[in-house]
Structure formats: C-alpha cells, structure tokens
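These are the residues of each chain, in order.
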Amino acid sequence: MDDESILKFVTEYLKKKGFKQTENAFQEELHQTKTTTTNNNSASPISSTSQFDSDIAKHILSLTESENAPTRYQDGYSKLRSWTYSSLDSYRHELLRVLYPVFIHCFMDLVANGHVQEARTFFNSFREDHEMMHLRDLQKLEGVLSPSHLEEMEFAHTLRKSKISIKMCQYSYDLLLQFLQKPQSTTILGIINEHINFQVSPGPPSSICDDADVVTVIGGSQDAANQINQKEVHWGLLEDSLEERLEKAGSLLSDSEKAEGETKELEWDENKKRSADGGKQGASIKKLKKDKAVNVTGKTARPEANSIPTAPRVKPELALPVIPAEVEQSILEDLRNRVQLSSVALPSVSFYTFINTHNSLNCSSISHDGSLVAGGFSDSSLKVWDMAKLGQQAVGCKVLDNSCFVLSGFASHGELDPSLYRWLSIPPCCSYIREILMLTRTGLATLQGESDATPNEHTLGSNGGKRPYTLFQGHSGPVYSATFSPLGDFILSSSSDSTVRLWSSKLNANLVCYKGHNYPVWDVQFSPVGHYFASASHDRTARIWSMDRVQPLRIMAGHLSDVDCVQWHANCNYIATGSSDKTVRLWDVQTGECVRIFIGHRSMILSLAMSPDGRYMASGDEDGAIMMWDLSSGRCVTPLIAHTSCVWTLAFSCEGSLLASGSADCTVKLWDVTTSTKVSRTEEK
C-alpha cells in the first residue's frame, strides 16, 4: 500500500468517527511535514517523519471498510436498544431518548452508502418503537429510496445538517459513555458524536412528564438559540392606548354599584331556580340574565382586573393609522362593559356549521364585531355571509350580543364530519353573557355552500331570490386563509397561487393583489390596528406588508421548513411565526431580526395566539399539545395537554383569563390560563 492511500484511509477514518479536532491536527501536521520535506527535497512525507507499520495500515483499512458494512448499523443499534431497555428504571426514560435520533441517522447513513434494501429492512424492523411519538417524521422518511432523495427531501436534508439536542442528568450521561466505549459500539459512537448535542444537568434524572422538551432538532447549535433569546423584548402595550385612557379616566364602579350588582345576582339566582322548578324559563329569565351580566360587571370584572399587574407601556415602532372618533367610542364602551371571565364565569357559546362543503372549505374567519363570517374554498373562491340576514332565516339561533365563540367546520348530507372543529375564532368584544348556551342540532345556524349534486340550488335563496352570501373570485388556487380588518371593511385572503388579495366588504370588489411569495401562502393576519398585515408561506419566510404598498416591507427568514401560521403581538412591534420545523420564532418588525426561538414542540406548529397584555403566547401543534410561553424569558410556562389530535386554532378572551382551543379531535376546550401563569409571576418576585 502506498503512502497516499494510507493518508486517505486515515483521513476518512477520522472524518467518519467525527474526530474533527484530531483530523484538523493531522492535516496541519501533514501540511507542515510536506513543507519540511519540500525544503529537504524528500520524496515521501511519511517516510521522512515516521514509518507506518503495515499491520497498522491494514487495521485502519479494515476498520474503514467495516464501517461501511450494512450489518454494523443493524448490530450496533440492536445492542444499544437492548442495553437501554435493560437499564435501571430511574435512568431508562432518559437513555431511551437517544434511540430515535440514532435510528433515523442509521437509516439515512445506510441509504447514503447505497445500501437501500438493507436500509428498508432496518427501518421496518424498528419503526414500531417510535411510531407513537414520531409517526409523521417516519412517514416522511419512508419516501427516502435513494441517496439523491436525502438531498432533495427537505426534511431529510435538514436532519443531516442539524444537530439534535437531548437533555439528561450526569449519571445517565456517564452510563451512556461507558457503553459507547466498547469496541462493538464504534458505529453508534460516530453517529452520536456527529449528530447529537447533550445538555447534561447535575442532580437526579428528570421526570418522564418533562419529555416534551428534552429532544429537539436545532438548526445550528443550541448556543446560538440561547444567544438569540438573550435579546430584550418589550412585551407591554402601546402608550396612550384606549385601555390606558380608560384607566386614567377612572371608570371603576363605586362601592354602592358593586353592592347593587351583588344583590341583583342573588335575585337572579333565586328567580332562575324558582322558574326551573315551575318549568318556565321565558322572556323574564332572559331579561334577568342580561341585567345580571350588565350589573355584576363591577363585581366580577373590576376587582379581579385590579389584582392583575398592569402591563408596561411601550412606544410603537410602526407608523400607526388614526382611529376614527366613533370607533374609539365604540371600543371604549365595550371595555367598560367587559366581564372578567374565569372558570366560574364562562362566556356564551354559539356554533355555526357550514353545510354542503365537504372537502372544499379550507378556512373561516369572523369579523371583530361578529357581523360577518368569511369562508375560503378549494375552488379558489371566498364567500362572506352577513349574520344579520342569516339570523332572520335560522330558527332558534342568533348571535348573542355580538359576543360569542364562532365555530365552523365541515358537514356533508347532514352528517357532521370529524374535522368539524377545525376553525374557531373569538371576536374581541367577548363581554356580557356568562352562562353557556347549549345549542342542539336543530338550533344550529347553517351557512350553506354550493352542493356538488345541485350547484344552482344553494346559489339562490330559500325564496328563489339571490344567494345568501357574497361571492369573491380572483384567486387561481385554493384559498387557505382569510382575515378581517379590525373595522370589518376589508378582508385579506391567501392562496396556493402564491398571492395575497385585499377585498372591500363595502364595495364587494378586489382592490389589490400582493405578489412576493414564491410558493403557497398558508396564513395571513391583519395587525391589531389594521393597515399592516403579515403572511406565512411554504417558501420558509414570513413577510410584513402595508395596504398601500404592493411590495413587502420586511422579510423574516430563518425557519428550516414551511412557515405555517403567523400572529401579531398586541403592541404591533413583533410578529410570531410557527413552522413545520417544530419551532416558534418571534420577530422584531422594525429590524426584521429574530429575537426569540421557542423550542419544545414535537411536531409542526399549526396555531398561535397572543395574550391581550402581550406577555404570553400560546402555540398548538399537530400532536394536540398546547404550550404557554413567556415572551420575556422565552421559557415554556406550562404545557396544556388534553387534545388528542391537531390543534387548528387558538384564541384568548379579551381580558386574557381564558384560552379557547379547537381541535380535529371534535372538541373545543376552554383553559383557565390565570392559574398557569401564576407560577411564572411568583418566580419573578
């Protein structure tokens, strides 16, 4: 064997093992040797410094060749799997975290080395171990059938270029190192050294329930994410906001008004019980219920509101539009009448069902005053229903005080589809009525789409007149998102045709077509003050726009996969983006920089919501997990686990005490987030 071959095998061996420092030192020493031998006119750099023993060279060659043998991966992973499952119970759950990243990288290395058939056998032999937690990832990797697929498939390419961060205690880490030092574990050692980053903590092992955020895929290093999270975030509300004006005006009710509200509440409870015993719950009860809701505002809302720390005030970074005087008065009136919701003071709920829209309705949205509902469809159309006109046709159901949860979904031939609870939105004027209204199937207001069987039947109204909705056409692909402006006079829609369109609900016409994204636009959201809006796309970017410009003002790039959802902060200085790379990022709208990276989800992020005070953010993923984040620290305050399928939508109540979540598991859940956030506040004191 010649000297060049020996050098090649040594270099390949060090590179495969991940010994980067040793490889760099070897290359540097080799370079110095070549320089010295050139000056001395020596023929061979190796022979002038040290004579390689032929047995050592053969041993290195055999190791290099054996590393490429497909059986090494099967045997190495099998031994690691058996060892972890036979470990002590106290440390087993931490050691089991290593199996999934080792499994996927063994599979991809086999494919990269051309052992496709052996890779499929390996994949099918052990995939059942990881299907419960990583089913979606495994379904993606099933499509890897050749080495070229590793470069072409975005998910596989990201995994090979990124490191996986795993948390474990010191003793678990020592146990793993002891196992990896065995000669038969060299293949697994190389994979772990190259693709896994351990975060070792002193003390006992973590709890099994903490596994949600201990295994994460990170782009680059964890240190980079930690450095980003050190940046300052001003999470407060805007200066001179309407809420601040109301506080300065001293709009709190007097003690006599509060006492009167308590008396009214007791009277209402007694009358309700008396009426229930007599079997009569008519108009008198409805009137008393409304009187109760209005009069107990002082008792329910104000004392609790005062116990909540006031959010700090920040200056706006964007030039904000001027709010008309009549709109200000309307908002202030709603703020005065707002009830503090809680687990014992729940809001009213009203459900609206889209019928004859099976597999065609992609999204829905409700205007802030609850008067309009929009739906985006697969036939590239956008349809808007007027709730006032709809209420005249629907029997036994109407919008209650413009303050209700609105849920829309699929129905086909009168049967509710399992994906009924896909979209949920809460108008910001959620206020008066506290008792939940349970609506039966006969009491549901229905929003009729066009039936595939009789396309003209639902185009006309029930009396043979015009259709009960306004049709907006202009997109050339399915509409994936729709959102109303704060005043309800404009509608934004995004589509697979890579565009965002602005519509006028007054003129019933398309005003602007915004082009900038290169791939489908999954989500679009107006800012809380209107005029500005943000979009999220398959091109891995989020963009900020203004209504008066056809080009984006900012482009937020950094996610490793699709940006699936976007949400504005309450002060309009930040936007949050959720991605298929399982992370949430917070961006400064002025600089376009990422100021927070939230790591902890195990699947793609599908929904986001910001608390009204701007301090907390909720994110929902494909597995049904919801996480509450503290924007100031970047930490997860608490996970909310109850859903068993995708969380498609999230929304806070206006005072921030309740969080609503709509899921594909056919449920809508209300969460009392005040108890969840008390821990974070206590830690800061």
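In this text, all values refer to a predicted model and were calculated from it rather than measured experimentally. (Residues numbered from 1 in each chain as written. Predicted model: local features only at pLDDT ≥ 70, side-chain atom pairs only at ≥ 80, totals over all residues. Heavy atoms only, no water.)

A. Main features of the overall build of the chain. Across its full length, the chain holds 22 helices and 34 strands. Burial statistics for the chain: of 685 residues in total, 49% are counted as buried. Partitioning the contacts of the chain with sequence separation of at least 6, the portion at a separation of at least 24 is 60%. Accessible area for the chain stands at about 32200 Å²; split by element, carbon and sulfur atoms hold 51% of it. (Helix = DSSP H or I, 4+ residues; strand = E, 2+ residues; numbered from the N terminus. Buried < 20%, exposed > 50% of the residue type's maximum accessible area, 1.4 Å probe, protein only. Contact = heavy atoms within 4.5 Å. Areas by Shrake-Rupley, 256 points an atom, 1.4 Å probe, with all protein chains shown as cover.)

B. Focus on the packing of aromatic side chains. Within this structure, the stated rule accounts for 19 aromatic pairs. Between the aromatic rings of Y77 and F126, the centroid separation amounts to 4.8 Å while the plane-to-plane angle is 70 degrees, which identifies the pairing as edge-to-face. In this pair, Y77 sits in helix α5 (residues 70–85) while F126 sits in helix α8 (residues 116–126), placing the two residues 49 residues apart along the sequence. F126 matches Y77 in its accessibility class, with the two residues each being buried. When the centroid spacing of 5.2 Å and the interplanar angle of 55 degrees are considered together, the rings of F598 and W629 count as tilted. Taken together, the residues F598 in strand β27 (residues 594–599) and W629 in strand β30 (residues 625–630) connect sequence positions 31 residues apart. Note on F598: relative accessible area 0%, which makes it buried. An aromatic cluster of three or more residues is present, and its members are Y77, F103, F107, F122, F123 and F126. Directly above the ring of F377 sits K383, whose terminal nitrogen or CZ lies 4.6 Å from the centroid. (Phe/Tyr/Trp six-rings, centres within 6.5 Å; stacked < 30°, edge-to-face > 60°. Lys NZ or Arg CZ within 6 Å of the ring centre and 35° of its normal.)

C. Fine view of the UniProt feature "repeat: WD" (unreviewed entry) in the chain. Listed under "repeat: WD" (unreviewed entry) in the UniProt record, and renumbered for this structure, are residues 354–387, 472–504, 514–555, 556–597, 598–639 and 640–681. The span residues 354–387 carries 3% helix and 59% strand; its end-to-end C-alpha distance comes to 13 Å. Across residues 472–504, helical content stands at 0% and strand content at 61%; the span's end C-alpha atoms are separated by 10 Å. (UniProt positions renumbered as here; feature names shortened; annotations may be inferred.)

D. Region of the structure containing the sheet that holds strand β28 (residues 605–610). The strand order β28-β29-β30-β31 describes an open sheet built from four strands, whose pairing is antiparallel. Either end of the sheet is taken by a strand with one partner, and the two such strands are β28 and β31 (636–641). Across the sheet, the mean angle from the axis of one strand to that of its neighbour is 20 degrees, orientation sign disregarded. Two elements, strand β29 (residues 616–621) and β30, share five bridges in a ladder whose sense is antiparallel. Among the inter-strand pairings, Y616 is bridged to a residue of β30, identified as D630. (Pairing = 2+ DSSP bridges. Axes fitted to C-alpha atoms, helices over the stretch in contact; angles between N-to-C directions.)

E. Representation of the nonpolar core in the model. With 40 residues, the main nonpolar core has V98, V102 and F107 as its most contacted residues. Here the element with the most residues in this core is helix α7 (residues 99–112); it accounts for ten residues. With residues near it in sequence (within four places) discarded, V102 still touches Y77, L80, I188, I191, I192 and I196. I544, C572, I575 and I597 belong to the second-largest nonpolar core, a separate cluster that totals 17 residues. (Core = buried A, V, L, I, M, F, W, Y, C linked by side-chain atoms within 4.5 Å.)

F. Molecular detail of the pattern of salt bridges. One pass over the full model with this rule turns up nine salt bridges. Between R97 and E94 there is a salt bridge whose closest N-O contact spans 4.0 Å. Just as R97 is buried, E94 falls in that class too. The partner of R160 in a salt bridge is D109, with the nearest N and O atoms 3.2 Å apart. Of this pair, R160 sits in helix α11 (residues 154–161) while D109 sits in helix α7; the two residues are 51 residues apart in sequence, bridging distant segments of the chain. (Salt bridge = Lys/Arg side-chain N within 4 Å of Asp/Glu carboxyl O.)

G. Representation of the environment of N24 within the structure. Note on placement: N24 falls in helix α2 (residues 20–39). The class for N24 is exposed, based on a relative accessible area of 51%.

H. Main features of α7. Under the 1.5 Å per step criterion, the end-to-end length of α7 is 20 Å for 14 residues, consistent within 8% with the ideal 20 Å. Counting buried residues in α7 gives 13 out of 14 residues, a clear majority hidden from the surface. Taken from the residues just after α7, G114 is the one with a positive phi, measuring 90 degrees. (Expected span 1.5 Å × (residues − 1).)

I. Up close: the sheet that holds strand β34 (residues 668–672). Spatially, three strands are ordered β32-β33-β34 in an open sheet, and the strand pairing comes out antiparallel. At either margin of the open sheet sits one strand with a lone partner, and together these are β32 (647–652) and β34. Mean inter-strand twist for the sheet, computed between neighbouring axes without regard to direction, equals 20 degrees. Here β32 runs beside strand β33 (residues 658–663); their pairing, made up of five bridges, is antiparallel. Among the inter-strand pairings, V647 is bridged to a residue of β33, identified as S663.

J. Looking closely at helix α9 (residues 131–141). Those residues of α9 that fall on the buried side of the exposure criterion are H134, D137, L138 and L141. Viewed along the axis of α9, the buried residues span an arc of 110 degrees, placing them on a single side of the element. Elements in contact with the buried residues of α9: α7, α8 and α11. (Arc of directions from axis to C-beta.)

K. Region of interest: the pairing of β31. Looking at chain direction, β30 and β31 are connected through five bridges and run antiparallel. Within β31, the position partnered with A625 by the bridge is I641. Between β30 and β31, which pair antiparallel in sequence order, lie five residues; one of them, G634, sits at a positive phi of approximately 80 degrees.

L. A look at the side chain of S537. Relative to the elements of secondary structure, S537 occurs in strand β21 (residues 532–537). Only 3.3 Å separates the side chain of S537 from the backbone oxygen of Y519, close enough to count as a polar contact. Apart from residues lying up to four places away in sequence, S537 is in contact with H517, Y519, P520, V521, W522, D562 and V563. (Polar contact = N/O pair within 3.5 Å; in protein donor to acceptor, adjacent residues only side chain to side chain.)

M. Inspection of the packing of α7 against helix α13 (residues 186–195) at higher detail. Orientation of α7 relative to α13, taken along the N-to-C sense of each, is 105 degrees, at an axis distance of 10 Å. As the angle between them shows, α7 and α13 are arranged roughly perpendicular. Of α13, the residues touching α7 (which contributes V102, H105, C106 and D109) are I188, I191, I192 and H195. Of the residues contributing to the contact of α7 with α13, the split by class is five nonpolar, two polar and one charged. (Parallel < 35°, antiparallel > 145°, perpendicular 65-115°, else oblique. Nonpolar A, V, L, I, M, F, W, Y, C, P; charged D, E, K, R; others polar.)

N. Just unusual backbone geometry, in detail. If you check the backbone angles, N508 has positive phi at about 55 degrees while not being a glycine. Phi is positive for K582, close to 75 degrees, though the residue is something other than glycine. Turning to its location among the elements, K582 is positioned in the loop between β25 (574–579) and β26 (583–588).

O. Structural context of the pairing of β30. By the criterion of burial, β30 is predominantly enclosed, with six of the six residues buried. What you see with β30 is no split at all: A625, M627 and W629 on one side and I626, M628 and D630 on the other are buried throughout.

P. Highlighting the environment of I491. By the secondary structure assignment, I491 is in strand β17 (residues 490–495). Separated by eleven residues in sequence, I491 and L502 place their C-alpha atoms 5.8 Å apart. Filtering out sequence-adjacent residues up to four positions away, I491 remains in contact with L382, V384, F472, T483, F484, R501, L502, W503 and S505.

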